[in-house]
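Close look at the chain arrangement
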Amino acid sequence: MLDSKIPTGTLKEKWTSHKFNNKLVNPANRRKYKIIVVGTGLAGASAAASLGEMGYHVESFCFQDSPRRAHSIAAQGGINAAKNYPNDGDSVRRLFYDTIKGGDFRSREANVYRLAEVSNNIIDQCVGQGVPFAHEYSGYLDNRSFGGAQVSRTFYARGQTGQQLLLGAYQALMKEVGKKNVILHPRTEMLDLVVVDGVARGIVVRDLITGKIESHAADAVVLATGGYGNVFYLSTNAKGCNVTATWRAHKKGAFFANPCYTQIHPTCIPVHGDYQSKLTLMSESLRNDGRVWVPKKPKDARPAHEIPEEDRDYFLERKYPAFGNLVPRDIASRNVKEQCDAGRGVGDTGMAVYLDFKDAIARLGEDLIKERYGNLFDMYAKITGANPYKTPMMIYPAVHYTMGGLWVDYNLMSNLPGLFVVGEANFSDHGANRLGASALMQGLADGYFVLPYTIANYLAQVKPNAKEIITRGEFKQAEAQVSDKIKKLLSIKGKTTVDEFHRQLGHLIWEKCGMARNEAGLKEALRLIPQIRERFWNDVCVLGSGEEFNQALERAGRVADFLEFGELICLDALERQESCGGHFREEYQTPEGEALRRDDLFSYVAAWQFNGVGQAPTLHKEELKFEEVHLAQRSYK
């Protein structure tokens, strides 16, 4: 069993006592330590800014041309915190419990309680940075509801919350860049982790403009590189999002935890063509005022406005009266799929349901709806050509977020000493399903309030020697491996594009390991993925050279990693013979069609050790112990 290093004491005392008991690095000594932070989203930017301000020498890397372009900018609906401004019964404990329950009791109690505990500090920090949260008439910050909660705890800035929060973190980061506490490396992609004597000591990167391969050494490495949803090809993620940094760290010894826990978001614009390259998210916040429905009669082709109330099925409100349209994402997504599979879907493809604002506009007025969601409505209108103020939106689930990631202990350090992992890149806080508005909370909690304490405890026990370690042979060896892989990709000169292989892989994983999985489908995927991978390495077409700006080469390296990683997702899903959260095995469901957990057999974190491409990985387990919550069948009825 893996040691999560959870501190002793009561749940309320763990983090406070842990901070006190941690070793510190005094301000004069911090200048001697070098820390690499890969990724500049909310987790990476906040971590680099915090560590730079504390006096460490920080080098920050991102493959975008600016940290502002990190995918955190795309988050729309809000960020959770337990401020209880609406006075509706919220508390740190309620936020903790809702998050544990929302994750279907497959996350660590101690991590989740700490997350809830620091949530209020995040809001104060962001307000201090000037983040323009929405305010109510009294002057308090406004709150709205999100799925999986019966209180209003989500702070927001219209439908642009991620953008505004990232600008706050970006400002903090660039302040430290200006003070030369942080050195920024944009347009630079991490292609390998360097491990020296069993410790993470640096990275190998490629300059995306010149193609130059070089190494950087440090006393600790922090990965904040986001999730792996683009393994499905069609997702709400930016096209650049990938698994490369975490996967290559995995191949160097870092365990990959719970990769089958992928989140399907229910509120996305449906697929509209065979050659579509990505999907667009419509914020979960829309389900506050929008009502989800389908015609009661299968294959009812009437326009929405011609279908009377008695012929409409508000199925989420009918099945889950306590939460209605604000059930968690995994439950909403499966119910949408169920309705479409039964022939009650709408639109040209029949793979959509309505999200209707008619009642909200009649009750609140169009101006107030515009104030709350105007930019989201404008985005929908631009993409679809339909006016959502006049006709219902059409939505369908799509891949959005990944709860799995590199395994970390309570200190956010992987099983590889010196390698810390924050934000969506780790597995730690969301269990089998993330509640809406919790991703931004975790990213900023990790970067601003957790990592600065826990990385200091590690560094206090390590002699700073980044300048000396860079001369070790492991760095040149890792550079040679990266260069060899690039040369191999360029030498194949096949006839099939990288995107075509990615599309084949994504379609297969979506069909066999998407919203519903079963043993036969997963075994078929595990049989077919190696065949796609073999064809890739014999017939992929990558034009250009490695000594120039070459996006085809960038994509090829990332898809090559997806073709290896896709096997692990399916293997993890096959191994976990239960249903929980976003992992729904058709063989394990209640008579009502809900997820059926098997706590006696699967109440653990599955952490996988890499043993070679095409070879069976080794499963390591971290037992999940629950002291403060009672394990129960998750119900939102």
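My aim in this report is to walk through the structure given alongside it, one point at a time. For clarity, every value in this text was computed on a predicted model and none was experimentally measured.

**A few points about the sheet that holds strand E12 (residues 291-295)**
- Strand order in the open sheet made by the five strands is E11-E15-E14-E12-E13, with antiparallel pairing throughout. Whereas interior strands pair on both sides, the edge strands pair on one side only; in this sheet they are strand E11 (262-268) and strand E13 (312-313).
- Bridge analysis of E12 against strand E14 (residues 353-356) gives three bridges, and the strand direction is antiparallel. Note that in E14 the partner of Arg291 across the bridge is Asp356.

**Describing the side chain of Glu594**
- When you line up the elements, Glu594 lands in the loop between helix H17 (551-575) and helix H18 (599-602).
- In this structure the side chain of Glu594 is engaged in a polar contact, spanning 2.5 Å, whose partner is the side chain of Tyr320.

**Concerning the state of the cysteines**
- Counted under the stated rule, the structure contains zero disulfides.
- Of all cysteine sulfurs, the one in Cys268 lies closest to Cys340, which takes part in no disulfide; the gap is 13 Å.
- Residue classification places Cys340 among the buried residues on the basis of a relative accessible area of 6%.

**Considerations on the environment of Ser603**
- Here Ser603 shows up in the loop between H18 and strand E20 (604-609).
- Distance in space between the C-alpha atoms of Ser603 and Glu622 is 8.8 Å, their sequence separation being 19 residues.
- The contact partners of Ser603, leaving out residues within four places of it in the chain, are Arg106, Arg598, Glu623, Leu624 and Phe626.

**Topic: the sheet that holds strand E2 (residues 57-61)**
- Here five strands make up an open sheet; going across it, the order is E5-E2-E1-E9-E17 and the pairing parallel. Of all strands in the sheet, those bounded by a partner on one side alone are strand E5 (182-185) and strand E17 (419-421). Strand after strand, the sheet turns through a mean of 20° between neighbouring axes, direction not considered.
- As judged from the four bridges shared by strand E1 (residues 34-38) and strand E9 (residues 220-223), these two strands associate in the parallel manner. When the bridges of E9 are listed, Ile35 appears paired with Ala220.

**Notes on the pairing of strand E8 (residues 213-217)**
- Across the five residues of E8, four count as buried, placing the element largely inside the fold.
- The pairing of strand E7 (residues 199-207) with E8 spans five bridges and is antiparallel. Residue pairing in the sheet places Gly202 in a bridge with Ala217 of E8.
- Between E7 and the antiparallel strand that follows it, E8, lie five residues; Gly211 among them carries a positive phi value of about 85°.

**A look at the nonpolar core**
- Of all hydrophobic cores here, the largest spans 184 residues; its most connected members are Ile79, Leu193 and Leu419.
- The element best represented in this core is helix H12 (residues 439-459), accounting for 13 residues.
- With near-sequence residues (within four places) excluded, Leu419 lies in contact with Leu193, Ala200, Val221, Leu223, Ala249, Ala254, Leu406, Leu412, Met413 and Ser414.

**Some remarks on the environment of Phe315**
- With respect to the helices and strands, the residue Phe315 is situated in helix H8 (residues 315-319).
- You can call Phe315 buried: its relative accessible area is 0%.
- Along the backbone, Phe315 and Ala525 are 210 residues apart, and their C-alpha atoms lie at a distance of 32 Å.
- Residues contacting Phe315, with those up to four places away along its chain left out, are Val292, Trp293, Val294, Asn335, Val336, Gln339 and Val353.

**Here we look at the pairing of E1**
- Judged by how many residues are buried, E1 sits mostly within the fold: five of five residues are covered.
- A two-sided burial pattern is seen for E1, the buried positions comprising Lys34, Ile36 and Val38 on one face and Ile35 and Val37 on the other.
- Bridge analysis of E1 against E2 gives five bridges, and the strand direction is parallel. Residue pairing for E2: Val38 is matched across the bridge by Phe61.
- In the classification by handedness, the crossover that spans E1, the intervening helix H3 (residues 42-54) and the parallel E2 is right-handed.

**As for helix H16 (residues 519-539)**
- With 21 residues, H16 ought to run about 30 Å at 1.5 Å a step, and its terminal C-alpha atoms sit 30 Å apart, in line with that.
- When H16 is considered as a whole, its buried residues turn out to be Gly521, Leu522, Ala525, Leu526, Leu528, Ile529, Ile532, Arg533, Phe536 and Trp537.
- Contact partners of the buried residues in H16: helix H14 (473-492), helix H15 (498-513), strand E19 (540-541) and H17.
- Its side-chain oxygen placed 3.3 Å from the backbone nitrogen of Ala520, Asn518 serves as the N-cap of H16.

**Brief notes about the packing of aromatic side chains**
- Using the criterion set out here, one finds 26 aromatic pairs in the structure.
- Centre to centre, the rings of Trp293 and Tyr354 are 4.6 Å apart; their planes meet at 40°, and the pair counts as tilted. Taken together, the residues span a long stretch of sequence, with Trp293 in strand E12 and Tyr354 in strand E14 at a distance of 61 residues.
- Given a relative accessible area of 8%, Tyr354 falls into the buried group.
- Relative to Phe377, the ring of Tyr373 has its centre 6.3 Å away and its plane inclined at 15°; by these criteria the two rings are stacked. With a gap of four residues between them, Tyr373 and Phe377 both fall in helix H11 (residues 366-384), about one helical turn apart.
- With a relative accessible area of 1%, Tyr373 lands in the buried category.
- Its relative accessible area of 1% is what places Phe377 among the buried residues.
- Each residue in the set Tyr228, Trp247, Phe256, Phe565 and Phe610 is aromatic and connected to the rest through ring pairs, giving one cluster.
- Over the face of the ring belonging to Tyr410 we find Arg114, whose NZ or CZ atom lies 4.1 Å from the ring centre.

The rules behind these values
- Residues numbered from 1 in each chain as written.
- Predicted model: local features only at pLDDT ≥ 70, side-chain atom pairs only at ≥ 80, totals over all residues.
- Heavy atoms only, no water.
- Pairing = 2+ DSSP bridges.
- Helix = DSSP H or I, 4+ residues; strand = E, 2+ residues; numbered from the N terminus.
- Polar contact = N/O pair within 3.5 Å; in protein donor to acceptor, adjacent residues only side chain to side chain.
- Disulfide = S-S within 2.5 Å.
- Buried < 20%, exposed > 50% of the residue type's maximum accessible area, 1.4 Å probe, protein only.
- Contact = heavy atoms within 4.5 Å.
- Axes fitted to C-alpha atoms, helices over the stretch in contact; angles between N-to-C directions.
- Core = buried A, V, L, I, M, F, W, Y, C linked by side-chain atoms within 4.5 Å.
- Right-handed = clockwise from strand over helix to strand, strands pointing away.
- Expected span 1.5 Å × (residues − 1).
- Phe/Tyr/Trp six-rings, centres within 6.5 Å; stacked < 30°, edge-to-face > 60°.
- Lys NZ or Arg CZ within 6 Å of the ring centre and 35° of its normal.

Worth remembering: the numbers are spatial, not functional.
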